[in-house]
Amino acid sequence: MAIDPLAIDTARIPAGNTPPRARFRTPLSEVPWVKFGLTAIAVAFLALMLVLPLAAVFAEAFRRGVEPFLAALVEPDALSAVRLTLFVAAISVPANLLFGLVASWAIAKFQFKGKSFLITLIDLPFSVSPVISGLVYILLFGSYGFLGPWLIANGYQIVFAVPGIVLATIFVTFPFVARQLIPLMEQQGTTEEEAALSLGAGGLRTFWSVTLPNVKWALLYGVLLCNARAMGEFGAVSVVSGHIRGKTNTMPLHVEILYNEYNFVAAFAVATLLALLALVTLVLKSALEWRYGGELAAHGRH
Amino acid sequence: MPGEGARRAPVRIDVEELGKSYGSFAALDNVSLTVRPGELLALLGPSGSGKTTLLRAIAGLTATEEGTIRFDGEDATTLSLRERRVGFVFQQYALFRHMTVFDNVAFGLRVRPQGERPRAGEIARRVRRLLELVQLPGLEKRFPSQLSGGQRQRVALARALAIEPNVLLLDEPFGALDAKVRKELRRWLRELHTETGLTTIFVTHDQEEALELADRVVIMREGKVEQIGTPADIYDEPATPYVCEFLGGVARFETKAKDGEADILGSTFPIESDGDYSGPALAYVRAHEIEIVSRELAEGVPAVIRAVRPFGPTVTVELSIEGRAERIEAEVPRELHSGGELGLGQGVFIRAVSARIFPVN
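Numbers given for residues are sequential positions, taken from 1 along each chain in its written order. Chains and ligands are labelled by the order in which they are written, letters from A for the one and numbers from 1 for the other. Per-residue local features are limited, in this predicted model, to residues with pLDDT of at least 70; the limit for side-chain atom pairs, both in listing and counting, is 80 or more; totals at the level of whole chains, interfaces and linings are taken over all residues. To get the side-chain values, all heavy atoms of the structure are used, and hydrogens and water are removed first.

*Asks:* Can you explain the overall build of chain A? Please cite residues and give values.
*Replies:* Helix and strand definitions here come from DSSP, where helices need a minimum of 4 consecutive H or I residues and strands a minimum of 2 consecutive E residues; each element is numbered from the N-terminal end. A tally of helices and strands in chain A yields 13 helices and zero strands. Each helix and strand of chain A, placed in order from N terminus to C terminus, yields the pattern α-α-α-α-α-α-α-α-α-α-α-α-α. Taking all 302 residues of chain A together, the buried fraction comes to 39%. Contacts were defined at the residue level, with two residues in contact if any of their heavy atoms lie within 4.5 Å. Residue pairs in contact within chain A that sit at least 24 positions apart in sequence constitute 71% of those at least 6 positions apart. Where accessible areas are quoted, they stem from the Shrake-Rupley method and a 1.4 Å probe; at the residue level, only the protein chains shown are allowed to cover. As displayed, chain A offers around 17400 Å² of accessible surface, 71% of which is attributable to carbon and sulfur atoms. When a residue's accessible area, from a 1.4 Å probe over protein chains only, is under 20% of the maximum for its type it is buried; when over 50% it is exposed; and in between it is partly exposed.

*Asks:* If you had to explain the sheet that holds strand S18 (residues 328–333) of chain B to someone new, which residues and values would you point to?
*Replies:* Residues and elements named next belong to chain B. Criterion used throughout: strands pair if DSSP finds at least two bridges between them. An order of S15-S19-S16-S17-S18 is seen for the five strands of this open sheet, with the pairing classed as antiparallel. Two strands bound the open sheet, and with one partner strand each, they are strand S15 (290–293) and S18. The mean inter-strand angle of the sheet, taken between neighbouring strand axes irrespective of direction, is 50°. For strand S17 (residues 314–321) and S18, the ladder comprises six bridges, and the chain directions are antiparallel. Residue pairing across strands places Val-317 opposite Ala-330, the latter belonging to S18. For helices, the fitted line uses only the C-alpha atoms of the stretch in contact; every axis is such a line through C-alpha atoms, and the angle between N-to-C directions lies from 0 to 180 degrees.

*Asks:* Could you give me a rundown of the pattern of salt bridges, with the residues and numbers involved?
*Replies:* Here a salt bridge means any side-chain nitrogen of Lys or Arg lying within 4 Å of a carboxyl oxygen belonging to Asp or Glu. Tallying each qualifying case throughout the model produces 33 salt bridges over all chains. Arg63(A) serves as the salt-bridge partner of Glu60(A), at 2.5 Å between the closest nitrogen and oxygen. On the accessibility criterion, Glu60(A) (21% relative accessible area) is partly exposed. Glu318(B) is paired through a salt bridge with Arg309(B); the nearest N and O atoms lie 2.6 Å apart. Look at Glu318(B) and you get buried, because its relative accessible area is 16%. Via salt bridges that share partners, Arg85(B), Arg112(B), Glu122(B), Arg125(B), Arg126(B) and Glu164(B) belong to a single interconnected network.

*Asks:* Give me unusual backbone geometry: which residues, what numbers.
*Replies:* Excluding glycine, a negative phi dihedral is what most residues carry, and trans is how most peptide bonds are arranged. Residues and elements named next belong to chain B. For Asn-30, which is not a glycine, the phi torsion comes out positive at approximately 55°. Its relative accessible area of 52% is what places Asn-30 among the exposed residues. You will see that Asp-72, though not glycine, has its phi angle at about 50°, which is positive. Note on placement: Asp-72 falls in the loop between strand S4 (66–71) and strand S5 (74–75). Taking the relative accessible area as the measure of exposure, Asp-72 reaches 48% and is therefore partly exposed.

*Asks:* Requested: an account of the sheet that holds S5(B), with residues and values cited.
*Replies:* Residues and elements named next belong to chain B. Pairing in this open sheet of four strands is antiparallel, and the strands run S2-S1-S4-S5 from one edge to the other. Two strands bound the open sheet, and with one partner strand each, they are strand S2 (25–35) and S5. Sheet topology note: the S4/S5 ladder contains two bridges and is antiparallel. Bridge assignment links Phe-71 to a residue of S5, and that residue is Glu-74.

*Asks:* Report on the environment of Ala61(A), specifying residues and quantitative values.
*Replies:* All names here are of chain A. Structurally, Ala-61 can be placed in helix H1 (residues 32–61). In this structure the C-alpha to C-alpha distance between Ala-61 and Ala-266, which are 205 residues apart in sequence, comes to 7.0 Å. When near neighbours in sequence (up to four residues on either side) are disregarded, Ala-61 contacts Phe-69, Val-265, Phe-268, Ala-269 and Thr-272.

*Asks:* Go over the confidence of the model for chain B, please, and point to the residues and values.
*Replies:* All names here are of chain B. For every residue, the predictor assigns a confidence score, pLDDT, that lies between 0 and 100. Per-residue confidence for chain B gives a mean pLDDT of 88, with 98% of residues at or over 70. Per-element confidence in chain B is highest for strand S3 (residues 40–44), whose mean pLDDT is 95, and lowest for helix H10 (residues 334–338), whose mean pLDDT is 77. Below a pLDDT of 50 lies the segment residues 1–6, which in the model reaches 11 contacts outside its immediate sequence neighbourhood of four places, other chains included. Here the prediction assigns the complex a pTM of 0.78, and the interface score ipTM is 0.82.

*Asks:* Provide a residue-level description of the interface of chain A and chain B, including the pertinent values.
*Replies:* Each partner contributes to the interface: chain A provides 17 residues, whereas chain B provides 20 residues. Two parts placed together each lose some accessible area under a 1.4 Å probe, and adding up what both lose gives the buried area. Carbon and sulfur atoms make up 61% of the area that chain A and chain B hide from each other, which totals about 1600 Å². When the buried area of chain A at its contact with chain B is split by residue, Glu192(A), Ser198(A) and Leu199(A) rank highest and sum to 38% of it. Run the count over chain A and chain B and you get two salt bridges.

What follows is the structure, encoded as structure tokens:
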């Protein structure tokens, strides 16, 4: 019997004998096969495009067993690449931590002209191809470049040396920390700072005990992403590095060189280190999101 | 703070010709007023009337372009936030979200310079006493997110009082609370004020809150002071049409005055100006100033009963009269209602008992 709920005179229905209800779905839910179908497509796509290649990296690295794998890692050029990568990250991540904090502080807590222009500028490295980012430094500091001849004459080698790699990495990874902090700081506003100041705290004290603790998890999150990119950056670094083995080769560049020499086991062995870095980053990132999701919620995620 | 050595004498605040504008918008326009020592003063007005700007200017949170602010006669205009030593309670409380209640309240003591900073034990003692004062003992270890709105409000107050402020300033102290908590806190704030004796200013847009709580009320409009007075002054003798309308509960009539008098609802009243003003005038009559006259007398103005709201100590009757689109509300004694004289659609006569009439310039 079809029941029109509007037509039922509730007074005439005896207690305990409610009419059967038509199955009701909330407006935003879908029928099961649509749900499962969409999920299956997403999982299959991820497996094909992400998990399979990742598995292939490890499979290739261990193709000839553990010994060649380890040999490829302790080989002097590989060690030097690892050292250089860590060194570059150790400079560029703290630098961007500082720049990012300063920039987002300025943007979120003060009103000034050209603010939106500054925000656009911070996003620039994301929208420019990394190769261009590298070329910019060649144009500035290369031997035919803008400042290059003078610097080289005075004994400063920027391009095809470690300083160039550091500069290019800083450029490419600049937005990560700032992008993470700006929305959160804007959402939090300035009243807690005002409260601290009205209670007699100085500017520095207010920053350390109010502003910084309020953004610490977002800051860590940004640093994590920044670090992953700094260690993994290829394009920009490739342009400025010069690929000098044992000197200006970072891990991603080293992988490429080995691969081009058909030394697949060694190439993939070094690649596993980068893949591990990615996995560790992913785990830490998920842990942060899981534990401090609320405090990170204001963010545009990457 | 009570019991904290000799209580300092409450501070007097003088605001002299204060001016502040945002672009072409005058947030404060030549504002002058005096806050008496130990007084509880309300700044009342709609949003955009400059009341919060004035409060923030007194606190030192907002810079002003013109005028002077004095604490006990001394020029405080150029003093920093820290030097003014003002206890400020923010609208959304602005508690430090990553600190416990204890750390929040202790903050103002811990950031003092080395020589003036109390020892840890002394800080703990004072914080506990403040939490008792605001009736929140035992909540030291909670975080702000674990407190109700009313509790946060009290923590914010305790935190502001911890610095032993010269004056206490509260920005919409009850704005974010529900009606019941608001009433409780209102009474409690009044008691706290008596206990601390601090000169206290609070901002509100709720006329009932201001009139109930404050010693004196400042009504603001478009960056200017419209009227200052005790709640009784303001209620009984509103200085301008704006004050009448802002306080609400009035019927407004456009009328004509002749020789300093005007007719309203069958009665004649003097108008609020000198001399024999003749010309257009605005009249305001409160609901309880309208009387329903028995039909036999046939005095006043004929009206028709459109709705009756029979709750509260009096009965509110909505009436319509000829030549007026809006209805008029009258508050009449309950006896009239229980006597069955207030049927819907029934014709009656109404009369104004008193009215305030302002010339229109």
